[in-house]
Amino acid sequence: MAKYRIAWLPGDGIGKDVMDAARIVLDKIDLDAEYLPGDIGWEFWCKEGNPLPDRTIRLLKETDCALFGAITSKPKEEAEAELAPELRGKGYVYTSPIVRLRQEFNLRTNLRPCKAYPGNPLNYRDDIDIVVFRENTEDLYSGVEFHPLPKAVMDILVQNHPKMARFASVPLEEIAVTLRIVTRKGCENIVRDAFEYARKRGYRSVTVVEKPNVLRETSGLMIRVAREVAKDYPEIQLWEANIDAMCMWLLKNPQDYGVLVTTNMFGDIISDLAAQLVGGLGFASAANIGDNYAVFEPTHGSAPKYAGQYKVNPMAMLLAVRLMLEWLGEQEKADRLEQAIATVVREGRVRTYDMGGNSSTLDVAHEVARKYVELG
Ligand code: IPM
Ligand code: MG
């Protein structure tokens, strides 16, 4: 039996293109792994009314971790319209499979490195090395939403909060509520992960990014917890920044920042911003990490118009493979893969269209694989 069992989840759109690239590299790396394909994505929503079928959940439970490509998501009305005719009007509701996976497997930490590999023509600067720690299961992503607002909920809110008075006379079908739920444990876990990472990699600061001047309770809790946790790491400075100002500073002085830590929604936003500084979504990878399971993915979407053309940049996917190797404890392989990627970027001979080249997705994968072997 292979040492690792890895769930193989291409999803749809360009998910398959980039997963083929990952496989080329993994085969060269000679990882002692078995790859088990799983059904996930838009196709299964349309055919079965569930983009993440139960059989896939069961498959994941029998594996060590999963590698995930990309998935198409569409707003409510469009999703309903694409359901198989016999499933329409039966109350099927589309939920993003990746968000579901994060919650169902308690993949509470989303680690998103945004490092500039020198020589990438898409870099904003060559000296950026930011790592975003995004809490991955709570906050506005908790999924606790109301529309229309049930009368009982309205009544309780009005009774318990003076600021609700302003909304008390709004018709219930004209008001929508999404709860921002943040727990002390959730804050503590993500902040601790960020500090541990900073300590291990020698970063000198951790910046907690929130908005406590307005979101006094939720962001306030995160900041208070960050201050407590920081005491255990005297060699690392805790910086505090508001999310809006942080967007500005990241454009102004991105080289000054190292580890950033934040809640789910702000992390979603700031990680796209940070990704663009180092080459855009074609370079952005993510690890969704829980206590016993992890899912690795490029953070780009499924770009349906490019599906099957092997045109898109596989670097984000290959960097996700690197994160997976690291999590599996294959540090030497992970480091060597990163070096191979950096070398291919620097040499600039094999590049996809976004970087000004005309190589294919698979050309890039073959080149990275070749460098990997050369570096051995
Ligand atoms: C991400 C994506 C997802 C998110 C979407 C696809 C639901 O934007 O991983 O950043 O919002 O978390
Ligand atoms: Mg996002």
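Quick caveat: nothing in here was measured; it's all calculated off a predicted structure.

## Thoughts on the overall build of the protein
Helix and strand counts for the protein stand at 13 helices and 12 strands. At 22 Å, the protein has a C-alpha radius of gyration in line with the 21 Å of a compact globule built from 376 residues. With the C-alpha coordinates of the protein rotated into their principal frame, the extents come out at 70 × 60 × 40 Å. Sorting the 376 residues of the protein into buried and exposed places 53% on the buried side. The long-range share in the protein, meaning contacts at least 24 apart out of those at least 6 apart in sequence, stands at 76%. As displayed, the protein offers around 17,200 Å² of accessible surface, 52% of which is attributable to carbon and sulfur atoms. With 47 positive and 54 negative side-chain charges, the protein shows a spacing of 2 Å between the two charge centroids.

## So, the pairing of strand S1 (residues 4-11)
Residues in a regular strand project their side chains so that they alternate between the two faces of the sheet. Most of S1 is tucked away, with six of its eight residues classed as buried. Pairing of S1 with strand S2 (residues 33-37) involves five bridges; the strand directions are parallel. By the bridge assignment for S2, Ala7 is matched with Leu36. One crossover worth recording links S1 to the parallel S2 by way of helix H1 (residues 15-29), and it is right-handed. When S1 meets strand S3 (residues 65-70), the two strands line up parallel, connected through five bridges. Counterpart to Ile6 in the pairing with S3 is Cys65.

## Observations regarding the pairing of strand S10 (residues 259-262)
On S10, burial covers both faces: Val259 and Val261 on one face and Leu260 and Thr262 on the other are all buried. Judged from the four bridges that link them, strand S5 (residues 129-135) and S10 form a sheet pairing that is parallel. In the sheet register, Phe133 faces S10, and the bridge partner there is Val261. Pairing of strand S8 (residues 205-210) with S10 involves three bridges; the strand directions are parallel. The partner of Thr207 across the bridge, within S10, is Leu260.

Quick notes on the rules
- Residues numbered from 1 in each chain as written.
- Chains lettered and ligands numbered in written order.
- Predicted model: local features only at pLDDT ≥ 70, side-chain atom pairs only at ≥ 80, totals over all residues.
- Heavy atoms only, no water.
- Helix = DSSP H or I, 4+ residues; strand = E, 2+ residues; numbered from the N terminus.
- Rg over C-alpha atoms; globule rule 2.2 N^0.38 Å.
- Buried < 20%, exposed > 50% of the residue type's maximum accessible area, 1.4 Å probe, protein only.
- Contact = heavy atoms within 4.5 Å.
- Areas by Shrake-Rupley, 256 points an atom, 1.4 Å probe, with all protein chains shown as cover.
- Lys, Arg positive; Asp, Glu negative; His and termini not counted.
- Charge placed at Lys NZ, Arg CZ, Asp CG, Glu CD.
- Pairing = 2+ DSSP bridges.
- Right-handed = clockwise from strand over helix to strand, strands pointing away.

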